[in-house]
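Structure assessment
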Amino acid sequence: MKHTVVTIQKAKEQGEKLAMLTAYDYSMAKLIDEAGIDMVLVGDSLGMVMLGYEDTLSVTMEDMIHHTAAVSRGIKNAFLVADMPFLSYQTSVYDAVCNAGRLIKEGRAEAVKLEGGSAFAEHIRAITNASIPVVAHLGLTPQSFHSLGGFKVQGKSEQAAKKLIEDAKAVEEAGAVALVLECVPAKLAELVTKKLHIPTIGIGAGAGCDGQVLVYQDMLAMFGDFKPKFVKRFGEVGAVMKEAFQTYSQEVKAGVFPAAEHTFQIDDDVIEKLY
Ligand code: KIV
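Keep in mind that what you see is a predicted model, and the values were worked out from it rather than measured. (Residues numbered from 1 in each chain as written. Predicted model: local features only at pLDDT ≥ 70, side-chain atom pairs only at ≥ 80, totals over all residues. Heavy atoms only, no water.)

Applying the stated rule across the entire model yields 10 salt bridges. A salt bridge links Asp 210 to Lys 12, with the shortest nitrogen-to-oxygen separation between them at 2.8 Å. Of this pair, Asp 210 sits in the loop between strand 7 (200-203) and strand 8 (211-214) while Lys 12 sits in helix 1 (residues 5-13), and the two are 198 residues apart along the sequence. Among the residues examined, Lys 12 registers a relative accessible area of 15% and is labelled buried. Between Lys 113 and Asp 83 there is a salt bridge; the shortest N-O distance is 2.7 Å. With a gap of 30 residues between them, Lys 113 in strand 4 (residues 111-115) and Asp 83 in strand 3 (residues 79-83) connect regions that are remote in the sequence. No difference in accessibility class separates Lys 113 from Asp 83, as the two residues are buried. (Salt bridge = Lys/Arg side-chain N within 4 Å of Asp/Glu carboxyl O. Helix = DSSP H or I, 4+ residues; strand = E, 2+ residues; numbered from the N terminus. Buried < 20%, exposed > 50% of the residue type's maximum accessible area, 1.4 Å probe, protein only.)

See the structure below:
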């Protein structure tokens, strides 16, 4: 079944959980889509897991369009969301609409995601008015880690929790079709989920959200030694890959690979004429 804004909204109404994963290229997107994942996010986390930056701030519109277009070619059924990178929407409502439009036109995304609450309600409304679905993102918003003072759980004090609830209502009211909640206490995320009509997708926000999202390199143990508390490793794929690369190297060096079955043949009399 092809997922759309309508099916993800219906999932919330029917109490069915949504599974979302990140993807950044064609072959991984195809695997994820074939596995039946409901939503795929081309996250600006690509800056870290694909491009080797320390954070997401250096990711450009060109990076996002390039990777989103590749992912879109691998997807048949999942609902495809692309992140708006740092300073592609914060600068003005006009920039927000133009850059969201590029992710849809050039990247073939079906929705865009942006970080921020009531301060970006106008941006969300304008993008939505341009017929582009918007997924909002609250809690730990990595593009703001300098102003947040680092990568920390958000919404723990009464004041911060109230602000998060207000922001969640503001983005829904502005037209967001879903809300990502990152690194928020589980009980607060559950309360936000109950207060909203749109689905919430949690990452480090507990089981009370309408869905979950993970970065695929994290859940496959393919990226770094640090494992955030909210990540569950569903496969030790990084170790399996490393072992396969080592075996390949050993076989090449030992002359074991390629074997006869990996090799193309030519008639001996043709070869003899070449000497
Ligand atoms: O960039 C990203 O991958 C994200 C998810 C962690 C939600 O925003």
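What follows concerns the domain arrangement of the protein. Where the parts come together, the accessible area they lose is often given as the size of the interface. Each assigned domain of the protein is listed here: domain 1 (5-235) and domain 2 (240-272). On a C-alpha basis, the centres of domain 1 and domain 2 stand 44 Å from each other. (Domains from an automatic or database assignment.)

This part takes up the site of the ligand. Near the ligand the following residues occur: Thr 22, Leu 41, Gly 43, Asp 44, Ser 45, Asp 83, Lys 113, His 137, Val 180, Ile 203, Val 213 and Val 215. Between the ligand and Ser 45, the relevant distance is 2.5 Å, taken from an oxygen atom to a side-chain nitrogen or oxygen of the residue. For the ligand, the accessible surface in isolation is 250 Å², of which the surrounding protein chains cover 94%. More than half of the atoms belonging to the ligand lie within 2 Å of the grid points that define the largest pocket. Residue composition of the shell around the ligand, by class: five nonpolar, four polar and three charged. (Near = heavy atom within 4 Å. Polar contact = N/O pair within 3.5 Å; in protein donor to acceptor, adjacent residues only side chain to side chain. Areas by Shrake-Rupley, 256 points an atom, 1.4 Å probe, with all protein chains shown as cover. 1 Å grid on protein atoms, 1.4 Å probe; cavity = no way out; pocket = protein on both sides within 12 Å on 5 of 7 lines; lining within 4 Å. Sits in = over half its atoms within 2 Å of the grid points. Nonpolar A, V, L, I, M, F, W, Y, C, P; charged D, E, K, R; others polar.)

Taken together, the side chains of Met 50, Leu 51 and Tyr 53 make up a nonpolar region of the molecular surface, amounting to roughly 230 Å² of accessible area. Relative to the elements of secondary structure, Met 50 occurs in the loop between helix 3 (46-49) and helix 4 (61-74). (Patch = residues over 30% accessible without salt bridge, like charges linked within 9 Å, V, L, I, M, F, W, Y side chains within 5 Å.)

The strands that make up a sheet are held in pairs by hydrogen bonds between backbone atoms, and each pair lies either parallel or antiparallel. Spatially, eight strands are ordered 1-2-3-4-5-6-7-8 in a closed barrel, and the strand pairing comes out parallel. Averaged over neighbouring strand pairs, the angle between their axes works out to 25° when direction is ignored. Relative to strand 8, strand 7 runs parallel, the two being bridged by two bridges. Residue pairing for strand 8: Ile 201 is matched across the bridge by Gly 211. (Pairing = 2+ DSSP bridges. Axes fitted to C-alpha atoms, helices over the stretch in contact; angles between N-to-C directions.)

This part is about the packing of helix 4 against helix 5 (residues 93-105). The interhelical angle for the contact between helix 4 and helix 5, taken along N-to-C directions, is 25°, at an axis separation of 9 Å. Taken as axis vectors, helix 4 and helix 5 run roughly parallel relative to one another. Crossing geometry of helix 4 relative to helix 5 is assigned as right-handed. Residue-level inspection shows Met 61, Glu 62, Met 64, Ile 65 and Thr 68 of helix 4 in contact with helix 5, the latter providing Asn 99, Arg 102 and Leu 103. Looking at the contact of helix 4 with helix 5, its residues break down into four nonpolar, two polar and two charged. (Parallel < 35°, antiparallel > 145°, perpendicular 65-115°, else oblique. Left-handed = near helix turned anticlockwise from the far one by under 90°. Contact = heavy atoms within 4.5 Å.)

Interaxial distance between helix 2 (residues 26-34) and helix 4 falls to 7 Å at its minimum, and their mutual angle equals 40°. Comparing the axis directions of helix 2 and helix 4 gives the class oblique. For the pair helix 2 and helix 4, the crossing hand works out as right-handed. In this structure, helix 2 uses Tyr 26, Ala 29, Lys 30 and Asp 33 to contact helix 4, whose residues at the interface are Ala 70, Val 71, Arg 73 and Gly 74. Looking at side-chain class alone, the contact of helix 2 with helix 4 contains four nonpolar, one polar and three charged residues.

A separate point is the side chain of Asp 44. Among the secondary structure elements, Asp 44 is positioned in the loop between strand 2 (39-42) and helix 3. Among the polar contacts listed, one links the side chain of Asp 44 to the side chain of Gln 143, at a separation of 2.7 Å. Setting aside residues up to four positions removed in sequence, Asp 44 forms contacts with Thr 56, Val 59, Met 64, Asp 83, Met 84, Glu 115 and Gln 143.

Before going further, it helps to spend a moment on helix 2. Residues of helix 2 that are buried: Met 28, Ala 29, Ile 32 and Asp 33. Down the axis of helix 2, the buried side of the element spans an arc of 135°, and every buried residue falls inside it. Projecting away from the buried face of helix 2 at angles above 90 degrees are the exposed residues Leu 31 and Glu 34. Against the buried residues of helix 2 lie strand 1 (18-22), strand 2, helix 4 and helix 10 (216-219). Near the N-terminus of helix 2, the side chain that reaches the backbone nitrogen of Ser 27, with its oxygen 3.4 Å away, is that of Asp 25. (Arc of directions from axis to C-beta.)

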